[in-house]
Each structure stands twice: as structure tokens, then as C-alpha cells.
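# What the coordinates show
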Amino acid sequence: PILKLSRGVMLLEIPSPASKRYAERSETQKLSCAAGNSTISQHERTIVKQIRKQTFEKEVEQKRKREVMEDHSSSGRLGQQHVRRSKKAKGPNPLSCKKKKVDGGGTSQTNTTGKKKRNRTHRKKT
């Protein structure tokens, strides 16, 4: 099949009869290999079967373990359903809150050294 792009739209053309025949041949070859006409020896086939059987048995055991664990976990609750906790209201954002006023008595502030800070004087605009 041919894929074309035209003005942001993908167009897929129908495959030609020759490409359809090629695809059918390759599919029949794959199926014939799976049916037993492949290059895999008898010994390799038995090994593959054993591995598949082992993996299947492991999956069955894991399913049984999960079922047992689910039974034990559900038996402890005895019909109680899982209850979601409601969300509580949170406190205010400390960065957006105003700070408390300090009892200073006047407009001047004192440093840690005990000296008073001078207030800034503003010029009058004319």
C-alpha cells in the first residue's frame, strides 16, 4: 500500500494485486512453518513445550496466591467498605497574611544596638 500526504491529510491507496499475492505467500509460509514443516528439531520442540508448561504452572500458582491473599484481606473487614476521608480545610497561606503590629508606641524604631532609627523626611511637592 502507498501512503500519501496531501494538505495535512493521510491517504492510503489500495495495494496492487502483486503485493497482495506476495503477502499471501509470506503468510502461507509462516503458517506452514508453524504446522510442523519448520527447521526446528524435535528436541527443540520438546524444550519449548516444557518451558511453556512451566510458565503456565507459575502463572496458575501466582493467581492462587493472589486469590488467597484477597480472601484473607477481605475476611478481616467483614463486609466493611473502604471509606474515603473527606478533605479538611487547610490553614491560611503564611506568605499572604499580614504581620502583627509590634507595640512600639511611636513611629521611630529601635535597632538591636539600642539606637533609634531616624524617620525619612519627604520634600513637599510644589
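These remarks concern the structure in this document. These figures come from a predicted structure and were not determined experimentally.

Conventions adopted
Residues numbered from 1 in each chain as written. Predicted model: local features only at pLDDT ≥ 70, side-chain atom pairs only at ≥ 80, totals over all residues. Heavy atoms only, no water. Patch = residues over 30% accessible without salt bridge, like charges linked within 9 Å, V, L, I, M, F, W, Y side chains within 5 Å. Areas by Shrake-Rupley, 256 points an atom, 1.4 Å probe, with all protein chains shown as cover. Salt bridge = Lys/Arg side-chain N within 4 Å of Asp/Glu carboxyl O. Helix = DSSP H or I, 4+ residues; strand = E, 2+ residues; numbered from the N terminus. Buried < 20%, exposed > 50% of the residue type's maximum accessible area, 1.4 Å probe, protein only.

## Brief notes about a nonpolar patch on the surface
Residues Leu-3, Leu-5, Met-10 and Leu-12 make up a contiguous nonpolar surface patch of about 500 Å² in total accessible area. Residue assignment for the nonpolar patch shows that the elements contributing at least two residues are β1 (3-6) and β2 (9-12). One can find Leu-12 in strand β2. Its relative accessible area of 63% is what places Leu-12 among the exposed residues.

## Here's the deal with the pattern of salt bridges
Two side chains with opposite charge may pair up if their charged atoms get near one another. For the structure shown, the criterion picks out one salt bridge. Residue Lys-4 is joined to Glu-13 by a salt bridge in which the shortest nitrogen-to-oxygen separation is 2.8 Å. A relative accessible area of 40% places Lys-4 in the partly exposed class. Look at Glu-13 and you get partly exposed, because its relative accessible area is 33%.

## Quick notes on unusual backbone geometry
The bulk of non-glycine residues show a negative phi, and the bulk of peptide bonds are trans. Even without glycine at this site, Arg-7 takes up a positive phi of about 55°. Turning to its location among the elements, Arg-7 is positioned in the loop between β1 and β2.

## Quick notes on the environment of Leu-3
Counting through the fold element by element, Leu-3 comes out in strand β1. Judged by its relative accessible area of 55%, Leu-3 is exposed. Between the alpha carbons of Leu-3 and Glu-13 there is a distance of 6.4 Å; along the sequence they are ten residues apart.

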